[in-house]
Amino acid sequence: MSSKVSMEKIVSLCKRRGFVFPSSEIYGGLASCWDYGPMGVELKRNIKDAWWRTVVQEREDVVGLETSIMMHPKVWEASGHVASFTDPLVECKSCHLRWRATEVDSNKCPKCGGELTEPRMFNLMFKTLMGPVEDEAGTIYLRPETAQGMFVNFENAVTISRKKLPLGSAQIGKSFRNEITPGNFIFRTREFEHMELEYFVKPDTAKYWFDYWVRERFNWYVTLGIDKENLRLRQHGKEELAHYAEDCYDIEYSFPMGWSELEGIANRGDYDLTQHAECSGRDLSYYDNESGQRYIPYIIEPSAGVERSFLAFLIDAYQEETVEGETRVVLRLCPSLAPIKVAVLPLSRNEKLTPLAREIHKQLRPNFMTWYDDSQSIGRRYRRQDEVGTPFCVTIDFQSLEDRQVTIRDRDSLAQIRVPIGELEKTLRTKLSGEPFDVSSLWATRQK
Ligand SMILES: [Zn+2]
């Protein structure tokens, strides 16, 4: 099933409504780097909060960590990244564009038809120098994944949490990969945010926990509103598996450019802790009191990208429909992900309405992410909120001055209800937590 909206429309909406801008735009931008605007930063935070809530807060068997982006260089030798975190690269001898060897079919440049060089292996880690002396000894890497920080802290997590296995460490943070060909908007970028769980288990239970996490992670996207039809699981073939991995599934989403990876769940076996134990000289085995056994734990790793989720949630929420003869663009985002929960809109910018509207805005601000807007017609303002996915708009009109009631407009049904100002906060809270927007209740209703 192909995606229902083009990438151009998503990019345009992101720019127009303050989700995502090209980085360093006044200097012409920087390839594949993006800045997140007022709406984008809220959506990103909400995605990360939702992940953290499911993976850490609601569980007894996972603890959070935040490890350093820069790590000891030996970490990347032990992990295998120095030797083999590479892509085969070919370069056009005429225009000097570089390609991943796997994306060109012949030995001709896809851009100009020029001859391509033989493939050479290109390491995807960003290198930099630590300290004031420029020599090889100071060379360090920007981490290409957050996982290693959790592997090397395995002992700390077990000791500090006073928990038994299975036990997970979770972390959200920036990773960097010097991709040969980034692209598709924010799908493949050189700087991105990882949401990773390293779940340490007894080896003979690894298969069970692997299946468990594949299911959990798939359902997470569905619970947050992604249509099941646009998601699929794809098992890695033998030739595709990392040499240490026992098994791996990708959760794929039907992006405009086709089915692409949203998240990977891998059974990494005991590779990581074995490697770090050997290279560091520390014993990273685990003594299991119950079975009286000592073993190197296996690791189940669900690894997701914040930006890819961001893109999938936007695409899946995007709809165009005709309302009163005009096209309405609406993001039907799950309320918990919506950047703005409540917009406060006086019917017009009028000196009689403004004080009450400001008062209501002030009352709601501590409880919800809100937006105040009194510019242009009320219809235009509703459309702007629809385009950023705001679930509810609260409108203050002249009648409000007399009866102390305001109108709540529902993004999805366009239905409106009137509620006393004293009950506004409570009503919004129950609606945001999923109570249906029922216009036949005790409240008076009005036409849109
Ligand atoms: Zn070329």
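Throughout what follows, the structure given in this document is the object of discussion. What you see as residue numbers is a count from 1 along each chain, following the sequence as written. Predicted model: local features are reported for residues with pLDDT of at least 70 only, side-chain atom pairs are reported and counted for 80 or more only, and whole-chain, interface and lining totals are derived from all residues. Hydrogens are left out, water is left out, and the side-chain values use all remaining heavy atoms of the structure.

Secondary structure elements follow DSSP: runs of H or I of four or more residues count as helices, runs of E of two or more count as strands, with numbering from the N terminus. Looking only at helices and strands, one finds 13 helices and 24 strands in the protein chain. For the protein chain, with 448 residues in total, the buried portion stands at 51%. Of the roughly 21,700 Å² of accessible surface on the protein chain, a fraction of 49% belongs to carbon and sulfur atoms. In this tally, Asp and Glu contribute negative charge and Lys and Arg positive charge; neither His nor the terminal groups of the chain are included. Charge positions are represented by NZ for Lys, CZ for Arg, CG for Asp and CD for Glu. Positive and negative side-chain charges in the protein chain, numbering 59 and 67 respectively, have mean positions lying 5 Å apart. Only protein chains enter the calculation, and the probe is 1.4 Å; a residue is then buried if its accessible area is under 20% of its type maximum, exposed if over 50%, and partly exposed in between. Values of accessible area rely on a 1.4 Å probe in the Shrake-Rupley scheme; residue burial ignores everything except the protein chains shown.

Right, let's talk about the sheet that holds strand β11 (residues 231–235) for a bit. Strand pairing in a sheet takes place through backbone hydrogen bonds and is either antiparallel or parallel in direction. Strand pairing is defined by DSSP finding a minimum of two bridges between the two strands. In space, the seven strands of this open sheet follow the order β3-β9-β10-β16-β13-β12-β11, with mixed pairing throughout. Two strands lie at the open edges of the sheet, namely β3 (62–64) and β11, each paired on one side alone. On average, adjacent strands in this sheet sit at an angle of 25° to one another, irrespective of strand direction. Here nine bridges tie strand β12 (residues 247–255) to strand β13 (residues 258–267), and the two strands are oriented antiparallel to one another. Residue pairing across strands places Cys-248 opposite Ala-266, the latter belonging to β13. Relative to strand β9 (residues 167–176), helix α2 (residues 38–57) is tilted by about 160°, and along the sheet it contacts β3, β9 and β10 (191–201). Any two residues whose heavy atoms approach within 4.5 Å at even a single point are treated as in contact. All axes are obtained by fitting lines to C-alpha atoms, using only the stretch in contact for helices, and the reported angles, taken between N-to-C directions, cover 0 to 180 degrees. Most of the contacts of helix α9 (residues 306–317) go to β12, to which it runs at about 40°, and overall it touches β10, β12, β13 and β16 (298–305).

Below, the discussion takes up the side chain of Lys-48. Locating Lys-48 in the fold gives a position in helix α2. We classify Lys-48 as buried; its relative accessible area is 19%. At 2.9 Å, the side chain of Lys-48 forms a polar contact with the side chain of Glu-193. Excluding its chain neighbours within four sequence positions, the residues that come into contact with Lys-48 are Ile-172, Glu-193, Met-195 and Val-306. Two N or O atoms form a polar contact when they lie within 3.5 Å of each other; inside protein one atom must be a possible hydrogen donor and the other a possible acceptor, and for residues adjacent in sequence the pair counts only when both atoms belong to side chains.

Residues Leu-165 and Pro-166 are joined by a peptide bond in cis, for which omega reads 0°. Here Pro-166 lies in the loop between α6 (154–161) and β9. You will see that Ser-24, though not glycine, has its phi angle at about 50°, which is positive. Mapped onto the secondary structure, Ser-24 falls in the loop between β1 (20–22) and β2 (34–36). The exposure class assigned to Ser-24 is partly exposed, which follows from its relative accessible area of 33%. One non-glycine residue with positive phi stands out, namely Glu-324, at about 50°.

To continue, consider the coordination of the zinc ion. Of the protein atoms, only Cys-92 (SG), Cys-95 (SG), Cys-109 (SG) and Cys-112 (SG) coordinate the zinc ion, at distances of 2.3 to 2.4 Å. Around the zinc ion sit four donor atoms, and with donor-metal-donor angles ranging over 100 to 119° the site reads as tetrahedral. Only nitrogen, oxygen and sulfur atoms qualify as donors, and only when within 2.8 Å of the metal (3.2 Å in the case of Na, K and Ca); with water excluded, sites may look incomplete. Every donor residue of the zinc ion comes from the same chain, spaced as C-x2-C-x13-C-x2-C. Of this pair, Cys-92 sits in the loop between β4 (86–91) and β5 (98–100) while Cys-112 sits in the loop between β5 and β6 (120–123), and the two are 20 residues apart along the sequence. Four donors are marked tetrahedral only if all angles between them lie between 85 and 135 degrees, whereas four are marked square planar and six octahedral if opposite donors are more than 155 degrees apart and the other angles lie between 65 and 115; the remainder are marked irregular.

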